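Chain by chain, the residues:
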Amino acid sequence: MIELKIISELRDLIQSRRISEDEALRTISQRQTSHWYKKYKHEYSALAAAVSFVYAVENNGFDMDSVNQGIKNTLRIGIA
């Protein structure tokens, strides 16, 4: 249950941008030594991908009015 709380807190911090990309990725990396990491490795991988995507979008300054526009913008900046 503690691991799920950590994952939930990281998700909330990423979503609200209250944690930097570097700090989030460092925290995720540090969790790899946790006894429970193997059980939740997919969740941590998803968080790592999400934080990288969120900050790539934010740092490249584009808005997304639709899924199609988001895909076009993503392809334009080459993070796909």
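Anything mentioned here points back to the structure above.
Our subject in this report is the structure included herewith. Not measured: the values here are computed from a predicted model.

## Considerations on the environment of Gln32
Link 1 in the chain: Assignment of secondary structure puts Gln32 in the loop between helix H2 (21–31) and helix H3 (37–59).
Link 2 in the chain: When the C-alpha atoms of Gln32 and Tyr44 are compared, they prove to be 8.9 Å apart, with 12 residues separating the residues in sequence.

## Side note on the pattern of salt bridges
Link 1 in the chain: Within this structure, the stated rule accounts for three salt bridges.
Link 2 in the chain: Between Glu3 and Arg31 there is a salt bridge, and its shortest N-O distance comes to 2.8 Å. Of the two residues, Glu3 sits in helix H1 (residues 2–15) while Arg31 sits in helix H2, which places them 28 residues apart along the sequence.
Link 3 in the chain: Across the pair Asp12 and Arg11 runs a salt bridge, and its minimum N-O distance is 2.8 Å.
Link 4 in the chain: For Asp12, a relative accessible area of 26% gives the class partly exposed.
Link 5 in the chain: For Arg11, a relative accessible area of 43% translates into the label partly exposed.

## A look at H1
Link 1 in the chain: The first and last C-alpha atoms of H1 sit 20 Å apart over 14 residues, in line with the 20 Å expected at 1.5 Å per residue.
Link 2 in the chain: Glu3, Ile7, Leu10 and Ile14 are the residues of H1 that are buried. Along the axis of H1, the buried positions cluster into a sector of 65°, meaning they face one direction only. For H1, the exposed residues set more than 90 degrees away from the buried face come down to Ile2 and Gln15.
Link 3 in the chain: Looking at the buried positions of H1, the neighbouring elements they touch are H2 and H3.
Link 4 in the chain: Of the residues one or two after H1, Arg17 is the one with positive phi, at around 60°.

Calculation rules
Chains are numbered independently. Their residues run from 1 in the order of the written sequence. Given that the model is predicted, a residue must reach a pLDDT of at least 70 before its local features are reported, and side-chain atom pairs must reach 80 or more before they are shown or counted; all residues, however, enter totals for whole chains, interfaces and linings. Side-chain metrics in this entry use all non-hydrogen atoms of the structure; hydrogen atoms and water are not considered. Here a helix means four or more residues in a row that DSSP labels H or I, a strand means two or more in a row labelled E, and each is numbered from the N terminus. By salt bridge we mean one thing: a side-chain nitrogen of Lys or Arg within 4 Å of a carboxyl oxygen of Asp or Glu. Remark: exposure states derive from per-residue accessible area (1.4 Å probe, protein chains only) relative to the maximum for the residue type, with buried under 20%, exposed over 50%, and partly exposed in between. Under the convention used throughout, the expected extent of a helix is 1.5 Å for every residue step, that is, one less than its residue count. Starting at the helix axis, one direction is taken to each C-beta atom, and the arc is that of these directions. Working rule for contacts: check all heavy atoms of both residues, and any pair within 4.5 Å makes them a contact.

Functional significance is not addressed by these values, which are geometric in nature.
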